[in-house]
Amino acid sequence: MTFANKRVFITGGSSGIGRAIACQLAREGAHVCVVARGQAAIDETVAQLESLAASPTQQLFGLSLDVGVPKDIAAVAKAATERLGGLDLLINNAGITHPASFMDTPDEVFDSIMRVNFFGTVHVTRALLPALIESRGQIGIVSSLAGVIGIYGYTAYGASKFALRGFAESLRHDLMQYGIDVTVAFPPDTDTPQLQQENRIKPAETHALAGKVKPLRAEFVASETLNGLRRRSVYVKPGFGTKLVMFLAQRFPGLSRWFLDADLRRFQRKQRAALAAGQANSEAKD
Ligand SMILES: NC(=O)c1ccc[n+]([C@@H]2O[C@H](COP(=O)([O-])OP(=O)(O)OC[C@H]3O[C@@H](n4cnc5c(N)ncnc54)[C@H](OP(=O)(O)O)[C@@H]3O)[C@@H](O)[C@H]2O)c1
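Residues numbered from 1 in each chain as written. Predicted model: local features only at pLDDT ≥ 70, side-chain atom pairs only at ≥ 80, totals over all residues. Heavy atoms only, no water.

Some points on helix α10 (residues 253–285)
Basically, it comes down to this: Going along the chain from the N terminus, every DSSP run of H or I of four or more residues is numbered as a helix, and every run of E of two or more is numbered as a strand. Expected span of a helix: the number of residues minus one, times 1.5 Å. Think of it in three bands: with a 1.4 Å probe and only protein chains considered, a residue is buried below 20% of the maximum accessible area for its type, exposed above 50%, and partly exposed in between.
Under the 1.5 Å per step criterion, the end-to-end length of α10 is 48 Å for 33 residues, consistent within 8% with the ideal 48 Å. Three or more residues of α10 are buried, namely Ser256, Ala262 and Leu264.

Observations concerning the side chain of Asn117
Note the following rule: Definition of a polar contact: a pair of N or O atoms within 3.5 Å, with one able to donate and the other able to accept a hydrogen when the atoms are protein atoms, and with sequence-neighbouring residues admitted only if both atoms are side-chain atoms. Should any heavy atoms of two residues lie within 4.5 Å, those residues are counted as being in contact.
Within the element layout of this structure, Asn117 appears in helix α4 (residues 107–135). A polar contact of 2.9 Å, which involves the side chain of Asn117, links it to the backbone nitrogen of Ile96. Among the polar contacts listed, one links the side chain of Asn117 to the side chain of Ser160, at a separation of 3.1 Å. Every residue in contact with Asn117, bar those within four places of it in the chain, is listed here: Ala94, Gly95, Ile96, Tyr157, Ser160, Lys161 and Leu164.

Describing the nonpolar core
Stated precisely, the cut-off is as follows: We define a nonpolar core as any set of buried Ala, Val, Leu, Ile, Met, Phe, Trp, Tyr and Cys residues linked to one another through side-chain atoms lying within 4.5 Å.
Core analysis: the largest hydrophobic core is formed by 38 residues, its most contacted members being Phe9, Leu87, Leu90, Ile139 and Ile141. Among the elements of the structure, β2 (31–36), α3 (73–84), α4, β5 (138–142), α5 (155–175), β6 (181–185) and α9 (240–251) are those that each provide at least two residues to this core. The biggest single contributor to this core is α4, with 8 residues. Setting aside residues no more than four positions away along its own chain, Leu87 makes contact with Arg7, Val8, Phe9, Thr81, Leu128, Ala131, Leu132 and Ser135. One finds Ile10, Ile17, Cys23 and Leu89 within the second-largest nonpolar core, a separate group that totals 26 residues.

With respect to the site of the ligand
Basically, it comes down to this: Only a single heavy atom is needed: when it lies within 4 Å of a molecule or strand, its residue is near that molecule or strand. Areas reported here follow the Shrake-Rupley algorithm with a probe of radius 1.4 Å; residue values treat only the protein chains shown as occluding. Note on residue categories: nonpolar means Ala, Val, Leu, Ile, Met, Phe, Trp, Tyr, Cys or Pro, charged means Asp, Glu, Lys or Arg, and polar means any other residue, Gly included.
Around the ligand sit 30 residues, and of these Ser15, Arg37, Asn93, Tyr157 and Thr192 come closest. Residue Tyr157 places a side-chain N or O atom 2.7 Å away from an oxygen atom belonging to the ligand. Calculation on the ligand without its partners gives an accessible area of 870 Å², and the protein chains cover 92% of this total. The set of elements that each furnish at least two residues to the shell around the ligand consists of α1 (16–28), α5 and α6 (193–201). Among the elements that take part in the shell around the ligand, α6 stands out by supplying 3 residues, more than any other. For the shell around the ligand, the residue count by class is 13 nonpolar, 13 polar and 4 charged.

Considering unusual backbone geometry
One non-glycine residue, Asn5, lies in the positive phi region at around 70°. Here Asn5 is to be found in the segment before β1 (7–11). Residue classification places Asn5 among the exposed positions, given a relative accessible area of 57%. You will see that Arg136, though not glycine, has its phi angle at about 50°, which is positive.

Brief notes about the environment of Gln138
As for its position among the elements, Gln138 is in strand β5. With 42 residues separating them along the chain, Gln138 and Ile180 place their C-alpha atoms 5.3 Å apart. Leave out the neighbours within four places in its chain, and Gln138 touches Met1, Phe3, Asp88, Leu89, Leu90, Leu132, Ile180, Asp181, Leu229 and Arg232.

The values are spatial; any link to function lies outside them.
Structure, rendered in C-alpha cells:
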C-alpha cells in the first residue's frame, strides 16, 4: 500500500519525527497538512515538502495551532479538511518533555505535558473523527518507549505517554465499528531537536540510564511508523532494541525492572562515593 493521494493531517509536523513523516508522505504523493505552533518552521517544512512532492497537484500546506488550546482546534480541523477535501490519516505526533526528578517537577510541568501530549491528542482526534469516519480512515499516535517502561526523570512525560497507549488501545476497540484502525508508535531516543533540548536538562540519573543507547534517526522512526500504518499494525516498535525492551517488559517485567534498578543503584552508589571523596579531599585541605 502507498500513501499516494491519501489526505493526511500531522500534528507536530514541523520538526523531528513529524517532519520526517511528512517528507516521506510528500515523496509518496500524499496530500499533507502539517500543524505546529511556530509559523517559521511550518513555512520551512512546507517549502521542503514542495521540493520533495511526487506531483505538482499535491496539496501541501501548514496551519498554526497549539494542540493544548482546545477552543482553537475545531477551526483548524475545518480549514484543513476543507482544503484536503476530507481526511484519510491523522497522525497525533506533537509532544513536549521536561525530564526532571519528581521533586523537581512542579505541577505546572505536569499540567502542560498532559495538556499537549495527552489532551492535545484527545481533542484533535475528536475534532477530526467525523472526517475519518466518512473515509474509514486511520489514526496514528506517537507515544514513546517511556510509555512502556517507567524511567527515572519521566514522571510527567512517562505518565502522558502511558496515557496515550491506554487511549490508543481503547480507541482502537471503540472505532472498529467504523472501520478505523489505530496504530501507536513507541520510539526510543531519536535524534531530533526535542532530544537535543532534553539532553541539556536531563538529570544525571536519566543520562546514565539512557546515555548508553545510540539514538535512532528521525527518518528511520518515520519509515517504521509509516510501515506500521501501512500494515495497519496496532504497535510500532522502531528498531531491534525497542522490540527487545518491549518483549522483556511485557513477558518478564520483574526481570526488566531488576536490570534497570541495578543500573540506577550502581550509578547512585558511584555518585555518593564521588561526593564522599570530594568532601574528604576538602576536609584534608582545611
Ligand atoms: N525524540 C525522541 O527521542 C522521542 C522519543 C520518543 C517519543 N518521541 C515523541 O515523538 C514526538 C515528536 O518528537 P520530536 O522528538 O520529533 O520533537 P521535536 O523535534 O521537538 O518536534 C515536536 C513538534 O511538535 C510541535 N509541537 C510542540 N508542542 C506543540 C503544541 N502545543 N501544539 C502543536 N504543536 C506542537 C513542534 O512545533 P512547535 O514547537 O512550533 O509547536 C514540533 O513540530 C513527540 O510526541 C515526542 O514525545 C520523541
